[in-house]
Each structure stands twice: as C-alpha cells, then as structure tokens.
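Spelled out, the chains give:
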Amino acid sequence: MIRGADAVIKVLAAHGVTTVFGYPGGAIMPLYDALYGAPVEHLLSRHEQGAAFAAVGYARASGKTGVCFATSGPGATNLITSLADALLDSVPLVAITGQVSTSVIGTDAFQEIDVLGMSLSCTKHSFMVTRIDELIPTLYQAFAIAASGRPGPVLVDIPKDIQLAELEYRTPLLAIATEPRAEAGDVEAARRLLAQARQPILYVGGGVGMAGAVEQLRDLIRVTGLPSVATLKGLGAIAHDTPGYLGMLGMHGGKAANLAVQDCDLLLVVGARFDDRVTGKLASFAPKAKVIHLDIDAAELGKLRRADVAIAGDLRQILPALAMPLNITPWQAEVEHLARKHRWDYRHPGKLIYAPAMLRRLANKLPQDSVVSCDVGQHQMWVAQHMWFRRPEDHLSSAGLGTMGFGLPAAIGAQMARPGATVVLVSGDGSFMMNVQELTTIKRRRLPVKILLLDNQKLGMVKQWQQLFFEERYSETDLSDNPDFVLMASAFDIPGRSITSADEVEPALEQMLTAQGPYLLHVAIDDAFNVWPLVPPGACNSEMMDEPETRT
Amino acid sequence: MRHSLELTMQQRPEVLERVLRVTRHRGFTVTQLQMRINEDASLSLDIMVDAERAIELLSNQLNKLIDVTQCRVIPAAASSHNVCAQ
C-alpha cells in the first residue's frame, strides 16, 4: 500500500515525466513529501503562473506534455492565466493542484476555492478526485486527454485527504480514444479543387507542429510548389528559404503575404483557425478563394469561414494524400514578384538601434539548436517578422491569449527541456517585469538563458495604437521610470550590459551568445519606430498601413 | 432562432455547468431545460436554445466536451434526428 501522493509520482514516472514545475503550499504538502528524493526533478518557480508557463515552454519546445503543481486557493488561482494561455495555443499540459480535504470542501475552509469551477473555461478538461480509487485512472485520463486530438491543458484537483489515503498501485486499462478519420471522398474533392486552382496558397497554422506533420507539410510544398504563408504559431513549420514562402500573414504580416492571400483563388488551410488577427475583416478575407480546411478539431471547421472541403483528421495522413504536381507556374512567378517587391528593408540611417535589423542579425547568428521565447507586444511582432526558425518548437510565443510575462518562464521551461540548446528570451521592458521573479529560478539552477531586453521605455504596442487610433493620448503607457535592468539582473548573479547605439549591436550579440551562463543584454532601441505594416482594426488585409514618412 | 438539442452525458457533478457555460459563451440563450438520470447511470439533457448563430457552432463545441457522449440537433420539423456522435 502506498499513499495517493506517492501514486501521483508513480503515474508521472509511468508517463515518462522527468521534470515538473511548481510551488508548494499547505494542501499539496503530501505530494511535495512524495516528491522528496523521487526520481522526478522539480523546478521551483517563484510564482505559480511562472511554474505553469515554464511547463508550457517545456511542452512547446519538446513536444512532450508539461506538468506543473500548485497548492489550493491562491496557488491554483495563480495558474489560471497560464492554463488559459495553454488552452488558446493548444499546449498539452497537466496541472495538479492540491485541494482542502473532502470533509471541508464547501465550508470556505482556509485556502479553499472552487478550482474545478474556475477551470471550466480555461482548460480542455478538468477533474476533482473525490475517491482514492479514482486517483490513478483519473491521472492516466488526464495525460491521455492533454495530448490527444487537439492538445490542451487538463487540471486535476486532488484534496489533501486523497493524497494521504492509501491504495494499491494498479495500472488502469484505458479505452483508446478514437481520432477522426478523413473520408476518401473528401480527400478526392480536395484534390479536385487543388487541380483546378490557378492561384492556390497554403495558410499554415500551429496545428502542423502540434501534429508532428512538419515533414509531411514540407513534402507537400516540394511536390506541389504551393506558395505559402504562416500564422504566428505556424512559424518554423516551413523553412524560411522555401520558394514561394511569404512569412507571416495578418495584422502585422508581410505585405506580400497578405496581398497574395487576398488575391488567391484557393486557400488550403492547414491546422489554422481563421483567427481575427490573421483575417482582418473576415468578410473580405481572401474574397475570391475557395477553401479547403484541414484540422484535427472538427469544431474549427466552418466556425468562422465556410469551407468548400472540410476535413477533420490527422494531418500526417491527410497531407501526403494531397501531394501532387500542380500547374501553377504563372502564379508562382507572381508570388515571387510580390516577395521581391515587398522584401523587408533593413536600412535605417542614424546611430540608434533599429530593432528589426538587430533581430534579423540575431536570427542569422543563432546556432542550429536554438529556441527563441518571446513576450507580448511590439518586440513579439518584430521577432515574428524578422527572425526565422528551423522548426515550430524553436519559436515560443503567446499567440492566442497574448500573455505578457509569458517569455521568461517559457524560456526556463525550454532550457530544461533542451539543456543543450541556446535559449534566447526576447522581451520588452513592459512584459519582462510581469514575471521578473523567475530570474530567481535562473539563478537557482544557473540556467544559461540569454535575455535580450528591448527597451523603448514604453508599452510600445499600446502606445502605437494610441498614436494611430486614439489621437496620441498616451494614457499610462510611459515606462520611463523602469528599473536599471542590468543592475537588477546582477542581483540574480546574471551578468549583462546595456547598449544604445547601432555599432554596438554585433559585438554585444556575440558576447551574449558566447557567454557561458545566463546573460542579459539590455538594448535601448529607437523608440520612434513602430511595428509596420499594420492592418487597422476592422479593415481588410489589403488595406495595410505603412510606416509614415514623418516619425513622432 | 430556436433550436433543440438532445445530449447524453456521463454523470459528473459539474457536467451540467460545463454544458451551460459553453452554451452561454458561444452566444446561445437557454429557453428550456430538462435533465434525467438514465437506467445505465448516464444523463439525458433536453435543451432548447435561442440564438442568431448557426446551431452547429454550439453542437460542435458541446461534442468536444469529454463528458458529453452524444449531442443531437433536432431539426425544427422534428421528423428525423441529426446524429453527431462523439
């Protein structure tokens, strides 16, 4: 007989979990006791949101299911933002929370909150275990649900008395979940549409990476010669030098990407969901296009845009069935012309540091095995526009929820998942402060995370919108009273330096990347520059705004 | 527009909350609701909703709920059943 808490650790081990992220507290003490001396490594965060984001970063950088622990009450409520983030970005996560004992649930006991109730809107599924014999099967189910179909976060709330109760450990028998399968007729219909199209384009989302279908997608592009665009989460699925690949589309997408999509006559949508940041005004998105929509989640099909052919299923099986040579030479030439015409221009006269050029330089310098984690705001869009990635799991960005404070803990998780990789956090002066306590986690484990902090002393993205759409009324976006970031990092034994002029960029990036341990490079960037191009809210994607002639 | 749905669900304390949360969040208003426990310990829920949106936007999301084993949209004529088993 073992305690429930010991059984939890055994279930983790049985699922190949070697690293968990968390923070102890009263109602989860039995589990932390079971962890003591166990073969599962625990990384102590300094805030439960940081623990869960580290688990998200771990999952996204490795493809494995991330695991995090938190106690009842405030511990669990602190997880909520990260669970929501994992839900919107379809990240496989198992969150285990302690709960007050079953006898006092519903009495407003100390650190009691209805976590199961709170979890309903921010998880793929959730459980509260109320009987010891349900503990092991529930945990097995949690892992199965988190990783199957469209992945997502699963929460398991375990009352303290269940953690302490004794049981005989038995591996449960689980029914194998059935995944939707593509109908042969639908695949045939999709092939017919592809063969008829004169101006087809691939619109690739995060689903490709999550499905492990990157190779199948690249084969499809090789065989068909299809021009392509990607969403924020789809970046890395297509190699950046692939002919006809136009990078990111949408609100801050490249001009060529948006114009090509607006002009296409067939949109082959793969693991993407017509997010509003992608489509702009939905009614005028790719207005001439027929749509083939492929996704593992049937609920995404027809949710926002009617598809001519919609197939719910495993992309690894569907994509090869669509690989056939296409006769689209004139369109390919047109796309190439668009790409050349709207190539990024990195010339930026003056001494100040132009963030897009610096990020392009960084991308070109990164070793093969690298992960870039970013926060949310202008720097995030510059990373998406100007950096390039070998694989989707090399680019961690809070896409659906857009959570500031994501980057630092996600970088920590990525470094734990891939200890040999160069992990670079690209953050902004706003986002960085939102989970800055996780610097302690870097210090504690001497994780060699490189921090590139882009500082324009502003909440840049909000300020950009105030400038463009709110008559330059800069309400609460001034951050000129930021702390001394290099000094702050030094308090966590993280060395670093600050640069302000363009000629310092190259040696400073070199110094950062060759540093043995963690490093912070603080970059005072040209704060006059905004993120361009931009599709204004409510506009059609062909109505992109460019950088104005006169800068503020 | 009014729509009728018939759901079969696993008996979990929070399953009704899940269904109602999804219904509200996806933009549907409940106008009638009846739940009963079946002999096999599953739950049956008859629910009538009102919305401008297409009913598939709701039924697809309800079908995704782990504890919902079946969700049928009953056509307005109620002559035949549109089965969308999970």
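- For chain B, an unreviewed UniProt entry supplies the name Acetolactate synthase 2 small subunit and the organism Shewanella salipaludis.

Re the sheet that holds strand 19 (residues 496–499) of chain A
All names here are of chain A.
1) Next: In space, the six strands of this open sheet follow the order 16-15-17-18-20-19, with parallel pairing throughout. Across the chains shown, the open sheet's two edge strands, defined by having one partner strand only, are strand 16 (395–396) and strand 19.
2) Next: In this structure, strand 18 (residues 450–455) lies alongside strand 20 (residues 519–524), joined through six bridges in parallel fashion. Looking at the pairing, Asp455 lines up with Ala524 of strand 20.

With respect to the pairing of strand 20 of chain A
For a regular strand, side chains alternate in direction, first toward one face of the sheet and then toward the other.
All names here are of chain A.
1) Next: Among the six residues that make up strand 20, five are buried, leaving the element largely enclosed by the rest of the structure.
2) Next: Relative to strand 20, strand 19 is paired through four bridges, and the arrangement is parallel. Across the sheet, the residue bridging to Ile499 is Val523, located in strand 20.
3) Next: With helix 22 (residues 505–514) bridging strand 19 and the parallel strand 20, this β-α-β connection has right-handed handedness.

A look at the interface of chain B and chain A
1) Next: Facing 11 residues of chain B, the contacting portion of chain A comprises 16 residues.
2) Next: Across the interface of chain B and chain A, roughly 1,200 Å² is buried in total on both sides, 55% from carbon and sulfur atoms.
3) Next: Counting across the interface, chain B meets chain A through one salt bridge.
4) Next: For Lys64(B), the salt bridge identified is with Asp297(A), shortest N-O distance 2.6 Å.
5) Next: Along the contact surface separating chain B from chain A lie three residue pairs in polar contact (both at pLDDT 80 or more).
6) Next: The biggest single contributor to the side of chain B that touches chain A is helix 2 (residues 56–64) of chain B, with four residues.
7) Next: Residue composition of the side of chain B that touches chain A, by class: two nonpolar, two polar and seven charged.

Thoughts on unusual backbone geometry
Residues and elements named next belong to chain A.
1) Next: In this structure, Pro533 follows Trp532 across a cis peptide bond, with omega equal to -5°.
2) Next: Following the sequence through the fold, Pro533 ends up in the segment after strand 20.
3) Next: Of note in the backbone geometry, Glu471 takes a positive phi value of approximately 55° without being a glycine.

Concerning the packing of aromatic side chains
All names here are of chain A.
1) Next: For the structure shown, the criterion picks out 10 aromatic pairs over all chains.
2) Next: Ring geometry for Tyr32 against Phe69: centres 5.9 Å apart, planes inclined by 80°, an arrangement best described as edge-to-face. Residue Tyr32 is found in helix 2 (residues 29–35), and its partner Phe69 is found in strand 4 (residues 66–70); the two are separated by 37 residues along the sequence.
3) Next: Residue class for Tyr32 comes out buried when judged on its relative accessible area of 15%.
4) Next: On the basis of relative accessibility, which here comes to 0%, the residue Phe69 falls in the buried class.
5) Next: Aromatic pair Trp382 and Phe529: ring centres 6.1 Å apart, planes at 25°, arrangement stacked. Here Phe529 lies in the segment after strand 20 and Trp382 lies in helix 16 (residues 378–386), a separation of 147 residues in the sequence.
6) Next: Owing to a relative accessible area of 6%, Phe529 belongs among the buried residues under this scheme.
7) Next: Three or more aromatic residues joined by ring pairs form one cluster here, namely Tyr203, Phe274 and Phe285.

Observations concerning the pattern of salt bridges
All names here are of chain A.
1) Next: Counting across every chain of the model gives 31 salt bridges over all chains.
2) Next: The shortest N-O distance in the salt bridge between Asp89 and Arg60 comes to 3.2 Å. Placement of Asp89 in the loop between helix 4 (74–88) and strand 5 (93–99) and of Arg60 in helix 3 (residues 48–62) is noted, with a sequence separation of 29 residues between them.
3) Next: The class of Asp89 is buried, set by a relative accessible area of 1%.

Structural notes on the UniProt feature "domain: ACT" (unreviewed entry) in chain B
1) Next: Per the UniProt record, "domain: ACT" (unreviewed entry) is found at residues 4–76 of chain B.
2) Next: The distance from the first to the last C-alpha atom of residues 4–76 of chain B is 8 Å, and the span holds 27% helix and 41% strand.

Regarding a positive patch on the surface
1) Next: On the surface, a cluster of positive charge is made up of Arg46(A), Lys443(A), Arg444(A) and Arg446(A).
2) Next: Structurally, Lys443(A) can be placed in helix 19 (residues 439–445).

Quick look at the sheet that holds strand 10 (residues 228–230) of chain A
All names here are of chain A.
1) Next: One open sheet accounts for six strands, arranged 11-10-9-12-13-14; its pairing is parallel. Every interior strand has two partners, whereas the edge strands, strand 11 (245–248) and strand 14 (309–312), have only one. On average, adjacent strands in this sheet sit at an angle of 15° to one another, irrespective of strand direction.
2) Next: Here five bridges tie strand 12 (residues 266–270) to strand 13 (residues 290–295), and the two strands are oriented parallel to one another. Note that in strand 13 the partner of Leu268 across the bridge is Ile292.
3) Next: Each of strand 9 (200–204), strand 10, strand 11 and strand 12 touches helix 11 (residues 255–263); the most contacted strand, strand 11, lies at about 110° to it.

Observations concerning the pairing of strand 12 of chain A
Residues and elements named next belong to chain A.
1) Next: Of all five residues in strand 12, five are buried, a share of seventy percent or more.
2) Next: Here strand 12 shows no split at all, with Leu266, Leu268 and Val270 on one side and Leu267 and Val269 on the other all buried.
3) Next: Bridge count between strand 9 and strand 12: five bridges; the pairing is parallel. Across the sheet, the residue bridging to Pro200 is Leu266, located in strand 12.

The rules behind each value
- Residues numbered from 1 in each chain as written.
- Chains lettered and ligands numbered in written order.
- Predicted model: local features only at pLDDT ≥ 70, side-chain atom pairs only at ≥ 80, totals over all residues.
- Heavy atoms only, no water.
- Pairing = 2+ DSSP bridges.
- Helix = DSSP H or I, 4+ residues; strand = E, 2+ residues; numbered from the N terminus.
- Buried < 20%, exposed > 50% of the residue type's maximum accessible area, 1.4 Å probe, protein only.
- Right-handed = clockwise from strand over helix to strand, strands pointing away.
- Contact = heavy atoms within 4.5 Å.
- Buried area = accessible area lost by both parts, 1.4 Å probe.
- Salt bridge = Lys/Arg side-chain N within 4 Å of Asp/Glu carboxyl O.
- Polar contact = N/O pair within 3.5 Å; in protein donor to acceptor, adjacent residues only side chain to side chain.
- Nonpolar A, V, L, I, M, F, W, Y, C, P; charged D, E, K, R; others polar.
- Phe/Tyr/Trp six-rings, centres within 6.5 Å; stacked < 30°, edge-to-face > 60°.
- UniProt positions renumbered as here; feature names shortened; annotations may be inferred.
- Patch = residues over 30% accessible without salt bridge, like charges linked within 9 Å, V, L, I, M, F, W, Y side chains within 5 Å.
- Areas by Shrake-Rupley, 256 points an atom, 1.4 Å probe, with all protein chains shown as cover.
- Lys, Arg positive; Asp, Glu negative; His and termini not counted.
- Charge placed at Lys NZ, Arg CZ, Asp CG, Glu CD.
- Axes fitted to C-alpha atoms, helices over the stretch in contact; angles between N-to-C directions.

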